[in-house]
Structure formats: C-alpha cells, structure tokens
Amino acid sequence: MRVVVEKLTKRFGGLVALDDVSMEVPSSSKVGIIGPNGSGKTTLFNVITGYYTPEKGRVLIGDGHKLTDITGWNPNKIARLGIVRTFQIPRLIPSLTVLENLLVFYDYNRCASIEYALRRKWLECEEKAVSKAIGILRDFGLLEISQKKPGELSAGHLKLVETLRGLMADASVFLLDEPFAGIESWMARRLIEAIKTISSERKATFIVIEHRISELLEGVDYIYVLHNGRLLAEGKPSEVVNDERVVKAYLGG
Amino acid sequence: MLITQDLVSFFLFSLLYLTISIPLVVAYRVTKVINFTVSTYIAYGAYTGVMLDYYLRRSIGGNYLLVTAVASFIIVGAIGYLSNLLVFKPLSNKRVKPDVLMIASMGLWIVFKYILYVISDIAGYFCKANLVSYGQINYSDVASLASRLGLSGVQESYILFPLVAGTSITLFLLMLGKTRVGRAILAVADNPTLAALSGVSVSRVENLTWFITSGLISLAGVMWTSYSGAITPEIGDSLILQAFTIAFIGGLTSITRTAVGSLLISGVENFGTDFLSTYLGVPASVKPMLTFTVLIATLIISPPLGAAGGIPYRFRRGRRI
Amino acid sequence: MIDVASFLTTLGTYIGIYLILSLTLTLETSSGITNFGKTAFYGLGAYVGAVIGTYLPLAIYGGGFSPFDVNGIQILLSMGRSNPMMDIGVFALSIIVGFGAVAALGLALTYPIHRVGSSLVGFTLLSLGEVLRLIYLNTSALGESKGFMGIPSPFAWVKDPKLAGLLYLLVVLAFAGITLLTVSRILNSPLGRILRGIRDDELVALYAGWPTVLVKARILALSSGLTGVAGVLWAYYFTSINPNMFTPSLTFNIWAMIIIGGLGSMAGGIVGTVLLASVDYAMRFVVPYIGVAFITPDYLRWIVVGLLMIVVLIKKPEGLIPEKQTILILGEGEGGDSK
C-alpha cells in the first residue's frame with residue numbers, strides 16, 4: 001500500500017510541530033525519516049495513524065490509483081486498514097505474555113464480541129490466532145520468550161515483538177519509530193533482517209524513523225529529512241547524507 | 001426571583017469555592033492525585049472550629065476566628081502531610097496507576113470521616129456534647145471587627161467569608177508568585193524532572209504542597225461554620241462535587257480558569273436554581289443536578305488532560321497538551 | 001437462641017447479592033472502567049423494583065391508594081399474602097425492567113465517560129450516585145427520606161417464613177450464578193484479553209484496531225444491567241428501601257471487597273466478598289443484639305475496613321489471591337488455549 005502525505009500542518013498552541021510537510025511513499029518501498037530531536041518525526045507518525053488531527057493537509061492511503069483520505073479517522077479504523085506502528089519506547093501490554101500481546105493484534109472480528117464470549121463460540125478463532133502467532137514467533141526465533149511478560153524482556157526483544165504485531169494484523173504498512181535506539185548491534189541486525197524478510201515476503205511498505213543513520217542507510221530506498229517541522233531535504237540515501245543543509249542541521253540543531 | 005438573595009449567596013459561595021478549588025488545583029498539579037480526602041480537610045477544618053468553640057466558650061467565653069483558622073490550618077495541614085507520608089508516597093513509589101491513588105484516597109476519606117464520628121460519640125458520652133450536629137458558630141473577633149467597621153448589623157458570615165477567602169487566596173498566590181518556595185512549587189508542578197535538575201528537592205516541595213494546600217482547603221470548613229446552622233461530619237461531601245467540577249473546568253491546570261469555574265458554578269447553582277424554581281416550578285433540590293450537568297458538559301466539551309486525561313480524542317480538534 | 005437455619009439463609013442472601021456487585025465490579029476494573037458509583041446503578045435498580053412493586057399492585061387494586069400511607073401499605077401486605085401470581089409477576093417484571101433501565105443508564109454515560117481518563121470516570125460516577133440519591137431524597141413520588149415500604153416479596157404468599165427465605169435465597173444464588181458465569185466467560189476469552197489490553201494501555205488497544213470506547217460502553221451496559229438486578233433483589237429482600245442505603249460507603253465497601261480479596265482475580269473477589277459481606281451482615285443483624293458501648297460499632301467497622309484496604313493496597317496489592325496467570329497448552333504447531 002502506498003502512503004501519501006499532503007501539506008500536513010500540525011500545531012500545538014503556539015508551537016508548529018509540522019509545517020506543510022508532503023511525502024509520497026510508494027507501495028512496498030522502504031523509506032527513512034531522519035532529523036534532529038524535536039523536528040516533528042514522531043508527530044508525523046501520530047498524524048498518519050490518527051492519534052492527532054492536522055490543522056491543514058491530508059493523509060491518503062491506497063493501492064495504485066485508488067487512494068482513501070484517512071485524515072481525521074480514528075486510530076482503530078486506520079489500524080484495520082493495515083497500518084501498524086511502533087513506539088520509541090516500546091509499548092506492550094504489561095500484564096499479558098508475548099504470545100498474548102500478539103494475539104491482541106489478531107482480527108477476531110465477531111469472536112471478540114460479548115455474545116460469542118458468553119456462548120463460548122470463539123474456540124475456532126482462537127486456535128487459528130494461536131497457531132498464527134506461534135508460527136510468527138517460530139519464524140523469527142522467539143519461541144522461547146513466548147510465555148514471558150514484557151517486564152522480563154530486553155529492549156531489543158520488545159522492539160522485535162512490537163514489529164511482529166504487524167504481522168499478526170496482516171499489516172501492509174509498518175511505521176517504525178526509532179527501532180534501533182537503545183539495542184545492541186546483534187539485535188539491530190536481527191531487526192534489519194526481519195524488516196527485509198517482511199518487506200520482501202509480504203510486499204509491505206516501511207517508513208522508519210531513525211537516529212542511527214548507519215543502520216538506516218543500507219535498509220532504505222529513500223530518505224526524508226525533517227527539521228523544525230519542515231521538510232528540509234529528500235532523496236536517495238547517498239545524496240541526502242552528503243547534502244550540506246542536512247549536515248548543518250544535524251550539527252547546528 | 002429574589003435577585004438580592006441570589007447575589008448574596010452567589011458572593012458567599014464563590015468565595016467558598018475559590019478557597020477550596022485554587023489550592024486543590026495546585027495540589028493536583030504537584031501530586032497528580034485526584035484526592036477525595038479534600039472532603040475530610042473541609043470537615044476537619046469545620047470541626048476544629050467546633051472543638052475550639054466548645055472549649056473556648058466554656059473557658060474564655062467566646063471563640064476566635066484567628067485562633068480557629070490557624071489551628072485548622074496546622075492540624076489539617078499535618079493530616080495532609082501525614083497522608084502523603086504514610087499512604088500516597090509509598091504507593092506512588094510503586095508506580096501504581098493514578099486510579100489506585102484515588103482509591104486509596106477514598107479509603108482515607110472513609111476512615112477519617114468515621115474517626116470524626118467516633119470522636120463525636122466519645123464527646124457525646126463523656127461530655128454530653130452533641131458534636132454530630134453542631135450549631136452555627138459566632139466568632140468574637142469578627143464581631144468586634146464588624147463593629148469597628150460600622151457593620152454591626154451585618155451577618156457575621158458576610159464579613160468572615162471575604163476575610164478568610166481573601167487572606168488565604170492572596171497569601172497563597174503571593175507565595176506562589178513571589179517567593180522562592182512558591183516558584184519551586186510551580187516548577188515541580190510543571191516539570192518535576194526539570195525542577196530536580198535545577199536543584200529543587202522535589203520530595204520536600206511535595207511535602208510542603210500537601211501541608212499548605214490541605215491547610216488552606218480546611219479554611220473553607222472554618223468559613224462554613226459561620227454560615228451553616230448544622231455542622232456535621234458530612235459537610236465536606238456536599239462540597240466535593242462542586243470542588244472537582246470547578247477543578248475540571250480549570251482543566252486541572254490553570255488557576256485563572258479555575259477561578260472562573262468557581263464563579264460559574266456558584267452562579268449556576270444560585271441563580272440557576274432560583275430561575276428554575278421561579279419559572280419552571282422545579283424544586284431547589286435540583287441544585288446538585290445542575291452542577292452535575294455542568295460536569296458532564298465539561299467532560300464532553302473540554303475534558304482535562306494530563307495524567308487524568310484519557311486517550312486524547314480532543315486532539316482531534318487540535319488542542320495542545 | 002440463635003436460629004442457625006435463618007442465620008445461614010440471611011447470610012447467604014447477603015453474600016449472594018454482594019457477589020453480583022463485586023463480580024460486576026471485577027469485570028469493570030478488568031476493562032479499565034473505574035466504577036466509583038456502584039450505588040448509582042444499584043440504587044436505581046432498587047428504586048425501579050420498589051416503584052413497580054408498590055405502584056403497580058395498587059394500581060391494579062384501584063382506589064388511588066398511595067404506597068406511602070398506612071392504608072396503601074396494608075393493602076400491599078394483604079395482596080402479597082394472597083396473590084402468588086402477582087408477587088412473582090411483579091418481581092419478574094422488576095428484574096427485567098431493572099436490568100434494562102440500569103443498562104440504559106450505563107450506556108447513556110458512554111460519551112462523557114469512555115473518552116476520558118479513569119480517574120475522571122471514577123469521580124463522575126461517584127457524583128452520579130450522590131445526585132441520584134439526592135433526587136430520591138427530594139422526590140415525594142419516591143417517598144423522600146422514608147422511601148418505600150411494603151414491597152411484596154415474590155414469596156410473600158408462602159405460609160412458612162423460613163421456607164420463603166430459603167426460596168428467595170435460591171433465587172439470589174441463581175442470579176449470582178448467572179453473574180459468575182457471565183463474568184467468568186467474558187474474562188476467560190479473547191475478549192477478556194482485549195479488555196485487559198484496554199485497561200493496561202488503551203492506546204495500544206486502539207492501534208490494534210479495537211474500538212475501545214464502544215467496547216467499554218457495551219461492557220458497562222451489561223455490567224450495569226446486572227448491578228440493577230442486584231438492586232431489585234435487595235429491594236425485594238428488605239421489602240423497604242430509603243435513600244440512605246445508597247451512599248458512597250456502599251460503593252467503597254464493594255471496592256474494599258475486591259481489593260482485599262485481590263484486584264483482577266475473580267476468586268479473590270469472591271473471597272473478599274464473603275469476608276466483608278459477612279462483616280456487613282454482622283453489623284446489621286448481630287450487633288444490635290449485643291448492644292452498644294458508647295461507640296457505634298458501625299463506625300469502627302468502617303475505620304477498620306478502610307485501614308485494611310489501604311494497608312493491602314500498599315503492602316500486598318495483589319490481595320489475598322493474585323490475578324490468575326494465563327496457562328497455555330502448546331501442541332505441535334497448533335495451540336490449545338485454556339485459562
């Protein structure tokens with residue numbers, strides 16, 4: 001699925017977090033977003049996923065020529081279109097195990113209704129959900145932690161599980177917010193491998209916010225640079241890294 | 001419609017609500033607890049007046065506002081401080097959800113209320129004094145102040161209310177704005193981490209805030225003793241709805257908005273009730289329903305944010321944290 | 001001489017009704033709904049039951065008698081004694097209307113409540129309880145401070161009062177059982193897992209695609225309906241109700257039950273309920289026999305319960321019985337799931 005962001009402006013009182021930002025992320029591509037702290041990267045994710053409503057501009061999602069305007073939609077409605085996001089500090093449900101955290105992202109549909117709960121008609125859905133979740137955990141070598149609670153896991157594992165939630169939800173757009181922050185290199189490798197696998201097997205679209213540019217460079221096709229809420233530069237990774245304005249922004253900002 | 005009477009009530013109740021809600025909002029900003037014990041602070045403030053009245057009347061012949069106010073401030077301030085020390089701080093150290101703090105405050109509310117009833121029981125048994133429903137209190141120093149100002153015929157509460165409310169709020173706001181301590185409190189209220197980095201002892205500020213705000217809120221109870229003919233341990237309960245509705249109107253952050261909220265609720269209650277009973281025949285008992293309607297309206301239109309807030313659906317209209 | 005049979009019957013009825021209240025509260029807290037206004041829903045149910053139980057029979061009897069004067073009450077009592085169909089019919093109608101009306105109240109609160117934080121929810125529901133109580137207190141058609149008397153028990157026609165008591169106990173236990181089944185089935189299902197997700201991190205649940213506001217609204221509606229039924233059961237058990245029965249202390253009591261027993265655990269809630277319901281029963285029925293010193297024991301009870309609850313919150317938040325850990329049985333590539 002492709003993601004189009006048109007002239008997005010988001011204000012918080014007097015503070016302009018996003019200023020006339022436009023982007024186009026083609027289907028199945030991998031795009032990076034970089035920029036100094038406070039440049040509006042996470043705000044952008046919040047607007048795309050429906051947590052914030054922009055003052056101006058639109059967010060569109062779709063395939064080919066058919067684009068849907070999802071500006072102002074509720075986060076759960078947007079999520080059901082197949083968009084999933086992770087957080088800078090991973091957010092998993094603390095009282096549920098890793099396996100159950102994945103299960104929450106399964107589309108139970110009617111099996112999650114009060115009626116079905118009372119009549120115990122959810123067994124079949126649950127079996128399918130559990131086998132899907134176990135399959136995912138097995139594919140990514142995480143079966144040993146399936147029964148652990150988030151409190152017992154390392155940051156790296158948390159970030160990986162957060163990303164895998166998207167697989168449970170059959171997501172086609174993954175918004176990852178600083179996935180490599182605060183995790184060891186070997187875990188970052190695993191994460192990069194996971195992204196590559198998901199991207200090629202599922203033809204998923206990835207938008208990744210990152211500070212650790214080196215990890216990002218080999219993974220993405222295109223980079224957007226945000227600074228003070230505005231789009232400063234964009235282009236292929238090699239171009240952007242050598243762009244004067246970008247270097248200045250990072251050193252000066 | 002009895003406009004004059006409404007105006008007087010509006011005046012008195014606005015002062016009462018201001019005395020409660022302004023410290024309440026500052027307390028919330030620092031402590032992050034929706035604290036039901038506020039009802040206790042008011043009741044204990046009133047009962048300090050009652051106890052002092054009972055003893056002073058028999059020994060000296062009269063009760064003094066100054067003595068009562070100071071005693072109430074110190075006693076209830078201590079109660080607030082101890083509540084934090086023994087209950088709220090240990091709980092928040094365990095990183096519990098804000099709900100749990102609120103539940104604990106409800107537990108404290110119940111415990112304190114019934115302690116008051118037990119005290120009344122004991123007083124009733126040993127001194128044959130009825131403390132469960134005590135009459136209106138007259139303060140000698142207020143009476144002499146009134147005669148010095150040439151206002152001898154005026155009801156005591158008309159003088160006492162502005163006196164207490166005015167002094168406490170002015171002193172409080174001055175402290176917050178002009179003193180180092182006050183500025184430290186506001187710094188912790190805004191951003192505890194930043195304040196700690198600037199060298200402020202966050203836990204000392206918290207303790208101080210608990211003491212001061214609880215003490216100030218208790219003064220509302222003292223005010224009440226000169227107004228009401230029946231002082232019972234339940235008086236705080238009847239004021240909580242208003243106090244928190246006002247705090248929510250203020251967004252739990254802005255003192256100015258809270259002040260506006262106090263006037264609004266006082267106005268709605270006094271003029272609104274009279275209006276409804278005069279023109280629509282609705283009985284005066286509709287008063288709490290009116291305030292509750294304002295509460296619901298506030299939650300729908302402009303709910304408070306921050307730790308008390310939930311999923312920020314109001315961001316959908318583009319407003320800031 | 002203590003009559004063991006009726007002692008147990010009364011105690012059982014007490015525990016049964018309180019179980020409905022605490023189980024529904026467990027469901028609510030497991031979904032992130034902090035219901036500090038149980039009395040609002042409970043009281044409404046009781047008043048619905050009282051209104052139907054008194055106005056309807058008197059209307060059928062004719063003659064324009066009021067349920068609040070001696071004549072009206074006499075008529076209700078004699079009708080009750082001789083009219084099994086009326087007794088049971090009125091009772092059944094109260095249960096149905098009670099469930100519906102209170103569920104509707106729960107649903108009506110959706111928009112203001114489910115979008116704001118849980119602390120605000122708690123406070124608003126508490127205030128709702130107080131506002132409703134004041135309405136009952138000031139409405140003459142609802143008996144004002146005296147409330148209703150002479151509500152006909154569904155078994156008023158049974159000659160032996162002990163048998164009547166036993167039959168009523170069975171009815172209460174039946175409804176308690178229904179509540180237990182309902183709450184248990186919901187909490188031990190995928191829905192239950194999602195509810196816990198909403199409780200712990202509503203934003204993540206939203207991002208998982210769940211319409212959290214709607215989900216909470218439906219749960220509160222169901223839970224309130226059952227709470228209303230408990231109110232009806234209470235009204236028909238005591239056959240008289242007044243506004244002072246529905247104070248915040250009652251809500252607090254139920255919270256104390258689930259906290260002391262163990263927040264989040266159904267078994268814990270049951271243990272806490274049996275404990276505190278027994279204490280409540282002792283306060284109401286046993287103490288008046290023992291006689292009072294100079295301190296009302298009821299006051300001491302609240303102080304002890306309050307302190308106990310706070311101590312449990314601080315020292316052992318899981319309570320007596322912690323939240324059940326989920327158990328998963330893994331097969332070969334497929335999973336069987338049992339909790």
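All figures in this text were calculated on a predicted structure; none of them were measured in a lab. (Residues numbered from 1 in each chain as written. Chains lettered and ligands numbered in written order. Predicted model: local features only at pLDDT ≥ 70, side-chain atom pairs only at ≥ 80, totals over all residues. Heavy atoms only, no water.)

> How should the overall build of chain B be read in this particular structure?
Of regular secondary structure, chain B possesses 12 helices and zero strands. The N-to-C order of helical and strand elements in chain B reads α-α-α-α-α-α-α-α-α-α-α-α. The C-alpha atoms of chain B give a radius of gyration of 20 Å, which matches the 20 Å a tight globule of 321 residues would have. In terms of overall dimensions, chain B has C-alpha extents of about 55 × 50 × 40 Å along its principal axes. (Helix = DSSP H or I, 4+ residues; strand = E, 2+ residues; numbered from the N terminus. Rg over C-alpha atoms; globule rule 2.2 N^0.38 Å.)

> Explanation requested: the state of the cysteines in the structure shown.
When the sulfur atoms of two cysteines share a covalent bond, that bond is a disulfide. Residues and elements named next belong to chain A. Inspection of every chain in the model, using the stated rule, returns one disulfide over all chains. Note on cysteine connectivity: Cys-111 is disulfide-linked to Cys-125, with sulfurs 1.8 Å apart. Handedness here is read from the sign of the S-S torsion; for Cys-111 and Cys-125, about 50 degrees, the answer is right-handed. Here the residue Cys-111 occupies a position in the loop between helix H3 (98–103) and helix H4 (114–119), and Cys-125 occupies one in helix H5 (residues 123–139), the gap between them amounting to 14 residues. Across the pair, Cys-125 and Cys-111 agree in class, each one buried. (Disulfide = S-S within 2.5 Å. Buried < 20%, exposed > 50% of the residue type's maximum accessible area, 1.4 Å probe, protein only.)

> What am I meant to see in the packing of helix H1 (residues 4–30) of chain C against helix H11 (residues 248–261) of chain C here?
For any two helices packed against each other, one specifies the inter-axial angle together with the distance between the axes. All names here are of chain C. Contact geometry of H1 with H11 gives a least axis separation of 9 Å together with a crossing angle of 70 degrees. Taken together, the axis directions place H1 and H11 in an arrangement best described as roughly perpendicular. When H1 is examined against H11, the residues Tyr-18, Leu-21, Ser-22, Leu-25, Thr-26 and Thr-29 are found in contact with a partner set consisting of Asn-253, Ile-254, Trp-255, Met-257 and Ile-258. Of the residues belonging to the contact of H1 with H11, the class tally is seven nonpolar, four polar and no charged. (Axes fitted to C-alpha atoms, helices over the stretch in contact; angles between N-to-C directions. Parallel < 35°, antiparallel > 145°, perpendicular 65-115°, else oblique. Contact = heavy atoms within 4.5 Å. Nonpolar A, V, L, I, M, F, W, Y, C, P; charged D, E, K, R; others polar.)

> What am I meant to see in the domain arrangement of chain C here?
One frequent convention defines the size of an interface as the accessible area lost when the parts assemble. Residue and element names in this part refer to chain C. As assigned here, chain C comprises domain 1 (4–246) and domain 2 (247–322). Inter-centroid distance (C-alpha atoms) of domain 1 to domain 2 is 20 Å. Contact residues are listed per partner, giving 32 residues for domain 1 and 20 residues for domain 2. Interface area, domain 1 with domain 2, both sides summed: about 2400 Å², of which 77% is carbon and sulfur. (Domains from an automatic or database assignment. Buried area = accessible area lost by both parts, 1.4 Å probe.)

> Looking at this model, I keep getting lost on the packing of aromatic side chains. Mind explaining?
Each aromatic ring pair is described using two quantities: the centre-to-centre distance and the angle formed by the ring planes. Residue and element names in this part refer to chain A. Going through the model one piece at a time under the given rule, you end up with 51 aromatic pairs over all chains. On the numbers, 5.1 Å between centres and 35 degrees between planes, the contact of Tyr-51 with Tyr-52 is tilted. Residue Tyr-52 is classed as buried on the basis of its relative accessible area, which comes to 8%. Cation over ring: Lys-121 sits above Tyr-116, and NZ or CZ is 5.1 Å from the ring centre. (Phe/Tyr/Trp six-rings, centres within 6.5 Å; stacked < 30°, edge-to-face > 60°. Lys NZ or Arg CZ within 6 Å of the ring centre and 35° of its normal.)

> Any chance you could explain the nonpolar core here in plain terms?
Looking at soluble globular proteins, one finds that nonpolar side chains tend to be buried together. Grouped together as the largest cluster of nonpolar side chains are 259 residues, with contacts concentrated most on Tyr-108 and Phe-174 of chain A, Phe-36 of chain B together with Ile-186, Leu-233, Trp-234 and Ile-241 of chain C. Taken domain by domain, this core gets at least three of its residues from each of domain 1 (4–246) and domain 2 (247–322) of chain C. Beyond its immediate sequence surroundings of up to four residues, Phe-36 of chain B is in contact with Met-102, Ser-105, Met-106, Trp-109 and Ile-240 of chain B together with Phe-36, Phe-123 and Leu-126 of chain C. (Core = buried A, V, L, I, M, F, W, Y, C linked by side-chain atoms within 4.5 Å.)

> I keep staring at the interface of chain C and chain B and nothing clicks. Help me out?
Taken together, the contacts link 47 residues of chain C with 50 residues of chain B. Note on chain C versus chain B: buried area summed over both sides is about 4300 Å², and carbon and sulfur give 79% of it. Applying the counting criterion to the chain C and chain B interface returns zero salt bridges. Elements with a minimum of two residues in the side of chain C that touches chain B: helix H5 (110–113), helix H6 (118–138), helix H8 (190–200), helix H9 (202–207), helix H10 (212–238), H11 and helix H13 (297–315) of chain C. (Salt bridge = Lys/Arg side-chain N within 4 Å of Asp/Glu carboxyl O.)

> Looking at this structure, how should I read unusual backbone geometry?
Most peptide bonds are trans, and most residues other than glycine sit at a negative phi. Even without a glycine there, the phi angle at Arg-120 of chain A is positive, about 55 degrees. Mapped onto the secondary structure, Arg-120 of chain A falls in the loop between H4 and H5. In this structure, Thr-239 of chain C is a non-glycine residue whose phi angle is positive, near 55 degrees. For Thr-239 of chain C, the location among the structural elements is in the loop between H10 and strand S2 (240–241). On the basis of relative accessible area, Thr-239 of chain C is assigned to the partly exposed category, the value being 27%.

> So what exactly am I meant to see when it comes to the interface of chain A and chain C here?
The interface of chain A with chain C comprises 40 residues on the first partner and 34 residues on the second. For the pair chain A and chain C, the summed buried area comes to about 3500 Å², and 65% of that belongs to carbon and sulfur atoms. Scanning the region where chain A abuts chain C turns up three salt bridges. Joining chain A to chain C, the criterion identifies 10 residue pairs in polar contact (both at pLDDT 80 or more). Contributions of two or more residues to the side of chain A that touches chain C are made by helix H2 (75–80), H3, H4 and H5 of chain A. The biggest single contributor to the side of chain A that touches chain C is H5 of chain A, with six residues. (Polar contact = N/O pair within 3.5 Å; in protein donor to acceptor, adjacent residues only side chain to side chain.)

> For this particular structure, what's the right way to read a nonpolar patch on the surface?
Residues and elements named next belong to chain B. Together, Ile-60, Tyr-64, Leu-66, Val-67, Val-70 and Ile-74 give the surface a local cluster of nonpolar side chains, amounting to about 560 Å² of exposed area. Relative to the elements of secondary structure, Leu-66 occurs in helix H3 (residues 65–93). Judged by relative accessible area, which is 62%, Leu-66 ranks as exposed. (Patch = residues over 30% accessible without salt bridge, like charges linked within 9 Å, V, L, I, M, F, W, Y side chains within 5 Å. Areas by Shrake-Rupley, 256 points an atom, 1.4 Å probe, with all protein chains shown as cover.)

> Explanation requested: the pairing of strand S2 (residues 15–25) of chain A in the structure shown.
Residues and elements named next belong to chain A. Sheet topology places strand S1 (residues 2–12) next to S2; seven bridges connect them, and they run antiparallel. Pairing of Val-4 across the sheet is with Glu-24, part of S2. Linking two consecutive strands that pair antiparallel, namely S1 and S2, is a turn of two residues; a positive phi of about 65 degrees is found at Gly-13 within it. (Pairing = 2+ DSSP bridges.)

> Before we go on, may I ask you to explain the side chain of Ser-105 of chain B in this structure?
Residue and element names in this part refer to chain B. With respect to the secondary-structure elements, Ser-105 resides in helix H4 (residues 98–127). For Ser-105, a relative accessible area of 0% corresponds to the buried category. From its side chain, Ser-105 meets the backbone oxygen of Met-102 in a polar contact 2.8 Å long.

> Please clarify how the pattern of salt bridges should be interpreted in this entry.
It is possible for side chains of opposite charge to pair when their charged atoms get near one another. All names here are of chain A. Scanning the model with the defined rule gives 26 salt bridges over all chains in all. Linking Lys-132 and Asp-170 is a salt bridge whose minimum nitrogen-to-oxygen distance equals 3.0 Å. On the criterion of sequence distance, the pair formed by Lys-132 in helix H5 and Asp-170 in the loop between helix H6 (155–168) and strand S7 (173–177) is long-range, its members being 38 residues apart. You can call Asp-170 partly exposed: its relative accessible area is 47%.

> Any chance you could explain the pairing of strand S3 (residues 30–34) of chain A here in plain terms?
Consecutive side chains of a regular strand alternate in pointing toward one face of the sheet and then the other. Residues and elements named next belong to chain A. Along S3, five of the five residues are buried, which leaves the element largely enclosed by surrounding structure. The side-chain alternation of S3 yields two buried faces, one formed by Lys-30, Gly-32 and Ile-34 and the other by Val-31 and Ile-33. Two elements, S3 and strand S8 (residues 205–209), share four bridges in a ladder whose sense is parallel. When the bridges of S8 are listed, Ile-33 appears paired with Ile-209. Summarising the sheet, S3 and strand S9 (residues 222–227) pair through four bridges and their orientation is parallel.

> How should I be thinking about the packing of helix H1 (residues 3–31) of chain B against helix H6 (residues 156–178) of chain B in this particular structure?
Residues and elements named next belong to chain B. Two numbers describe how H1 lies on H6: the axes approach to 10 Å, and their chain directions differ by 25 degrees. Relative to H6, H1 is oriented roughly parallel. Regarding H1 and H6, the two cross each other, and that crossing is left-handed. Note on element contacts: H6 touches H1 through Ser-157, Tyr-158, Phe-161, Pro-162, Ala-165, Ser-168, Ile-169, Phe-172 and Leu-176, opposite Val-8, Phe-11, Leu-12, Leu-15, Leu-16, Leu-18, Thr-19, Ile-22, Pro-23 and Val-26. Broken down by class, the residue content of the contact of H1 with H6 amounts to 16 nonpolar, three polar and no charged. (Left-handed = near helix turned anticlockwise from the far one by under 90°.)

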